[in-house]
Each structure stands twice: as structure tokens, then as C-alpha cells.
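Coordinate analysis (summary)
Given next are the chains, with one letter for each unit.
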Amino acid sequence: MTPLAPRLLFHVIAGGWDLLGFEAIDGHHADYSPGSPDLPKVTGALRELAALPCPDIELRLAEQRLAGYVADPADAEAFAGDALLHTDWNNHNVLITHDRAHLVDWGWATRGAAWIDPAHWIIWLISAGHTPTAAEETVAFLPTWALAPPRAVDAFADASTNLWDEIAGSAPDDWTMNMLNAARLWQQHRSHRS
């Protein structure tokens, strides 16, 4: 069985290039829309990822990556942790096969609090048509999400909105505007929770 990520088949460094070759996976990009049969497989991938130990290699730190996007720099400390995070839950980075989801494109691999990957996925779910409440319900049974401190999640929603606002810039395309709107919807939802 293919693991969570495709297996590395070869690694060559030559002529100033660092080339990695991975096994091909015959699957389709994840469909995050409400009612999609892919959602349980992605949830399974989140569970599997949370169970993996973070490798002892240099990785970006969540609290550093998001420090510039929080109102109070101390809020970023809530993002610290020892979990291996993918952080880029673009549906093109999740390949679905008959039995599971596989994660590709680990360019933003990060060390941080384990609840951060479900939080990232919430924004993608909202962008795919879920309400903020439905998106949170989709991740509600993940053990890592159940342990997320509500105030830290609120700070993450704020930071994510600021991040997507920066990505969108002054002339956003449809894709970045959709993501910014999704982040804003979640931020508003978090600010109105009881």
C-alpha cells in the first residue's frame, strides 16, 4: 500500500539542481465540496499525519511563519508545537485513490501545534462551499482539533485572513479572492462564537 505521501524513488544533485523523483499515484485531486465522498479520506489523512512523529530535521516553525500576521506577537506562541504539518491543503496537493488520500507538494512543511492542519483545511472547505460551521463540524472528530484552544484558533483565523489578504494583494485574481473571502468568513464566524 502506498503511504500517506508518495515514496521517494531517487534523489540527484547535479549542475546546480536538486532533483527528487517520486512514485506516480493514479488518483484525482480531492473534491472538498459539501457531501463529497473524498472528505472522509482527507480526514483519514489528517489523522494519519497527526500520528506521525515529526522528523528531526530543520523545518519552518508555525509560530515564526505566522508571527507577522497576528495582532499581538504573543498570540503566535499558541501555534508552537512538535507536530509535522503539511499546511498547504490546496485540493491539488491531495490525491485521492480508491482507498485513501495522499499528500503531495510538501514545500511548506512546518513544525507546530497539531491542530493547525485541520485549521488550514477549514479555510479550504469554506472556499469549496461549506459554511464555517459545517467546515468546523467536518474536522470536529479529529483528536488534534478537539484539543485546540479556542483563543488560539481565533488568533489563527485572524492570522490566516491577514495572510490571504497579503497573498491577494491589490489586484487579486478569482482564486486568491475566493480564498480571502473564505478566510474572512471563518474569521467572522470565530469572532461571533458564543
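Structure: above.
Here goes a summary of the coordinates provided. (Residues numbered from 1 in each chain as written. Predicted model: local features only at pLDDT ≥ 70, side-chain atom pairs only at ≥ 80, totals over all residues. Heavy atoms only, no water.)

Looking at the overall build of the chain
- Check the secondary structure of the chain and you find 7 helices and 8 strands.
- A compact globule built from 194 residues should have a C-alpha radius of gyration of about 16 Å, and the chain, at 17 Å, falls within 12% of that.
- Projecting the C-alpha coordinates of the chain onto the three principal axes gives extents of approximately 50 × 40 × 35 Å.
- Within the chain, the fraction of its 194 residues that count as buried is 45%.
- Sequence-distant contacts in the chain: of pairs separated by 6 or more residues, those separated by 24 or more amount to 69%.
- Put simply, the chain shows about 10200 Å² of open surface, and 57% of that area lies on carbon and sulfur atoms. (Helix = DSSP H or I, 4+ residues; strand = E, 2+ residues; numbered from the N terminus. Rg over C-alpha atoms; globule rule 2.2 N^0.38 Å. Buried < 20%, exposed > 50% of the residue type's maximum accessible area, 1.4 Å probe, protein only. Contact = heavy atoms within 4.5 Å. Areas by Shrake-Rupley, 256 points an atom, 1.4 Å probe, with all protein chains shown as cover.)

Considerations on unusual backbone geometry
- Phi at Thr 87 is positive, roughly 75 degrees, even though this residue is not glycine.
- Relative to the assigned elements, Thr 87 resides in the loop between strand S5 (83–85) and strand S6 (94–96).
- Given the relative accessible area of 8%, Thr 87 is considered buried.

Looking at the layout of surface pockets
- There is about 320 Å³ of room inside the largest pocket.
- As for the largest pocket, its lining consists of 13 residues, of which Arg 65, Thr 87, Leu 163, Trp 164 and Ile 167 are closest to the centre.
- Elements supplying a minimum of two residues to the lining of the largest pocket: helix H3 (116–127) and helix H6 (150–168).
- Top element by residues in the lining of the largest pocket is H6. It accounts for 4 residues.
- Each residue belonging to the lining of the largest pocket can be placed in one class, and the counts come to 8 nonpolar, 3 polar and 2 charged.
- In this model, the second largest pocket occupies a volume close to 280 Å³.
- Lining the second largest pocket are Pro 3, Leu 4, Ala 5, Pro 6, Arg 7, Leu 8, Phe 22, Leu 52, Leu 103, Val 104, Asp 105 and Trp 106.
- Tallied by class, the residues present in the lining of the second largest pocket amount to 10 nonpolar, no polar and 2 charged. (1 Å grid on protein atoms, 1.4 Å probe; cavity = no way out; pocket = protein on both sides within 12 Å on 5 of 7 lines; lining within 4 Å. Points joined across faces, edges and corners; volume = space filled by probe spheres on them. Nonpolar A, V, L, I, M, F, W, Y, C, P; charged D, E, K, R; others polar.)

A look at the pattern of salt bridges
- Scanning the model with the defined rule gives 6 salt bridges in all.
- For Arg 190, the salt bridge goes to Glu 136, with nearest N and O atoms at 3.0 Å. Taken together, the residues Arg 190 in helix H7 (residues 174–191) and Glu 136 in helix H4 (residues 132–139) connect sequence positions 54 residues apart.
- By relative accessible area, which is 15% here, Glu 136 ends up buried.
- Between Asp 154 and Arg 190 there is a salt bridge, with the nearest N and O atoms lying 2.8 Å from each other. With Asp 154 in helix H6 and Arg 190 in helix H7, the pair connects residues that are 36 residues apart, well separated along the chain.
- Classification of Asp 154 as buried rests on a relative accessible area of 17%. (Salt bridge = Lys/Arg side-chain N within 4 Å of Asp/Glu carboxyl O.)

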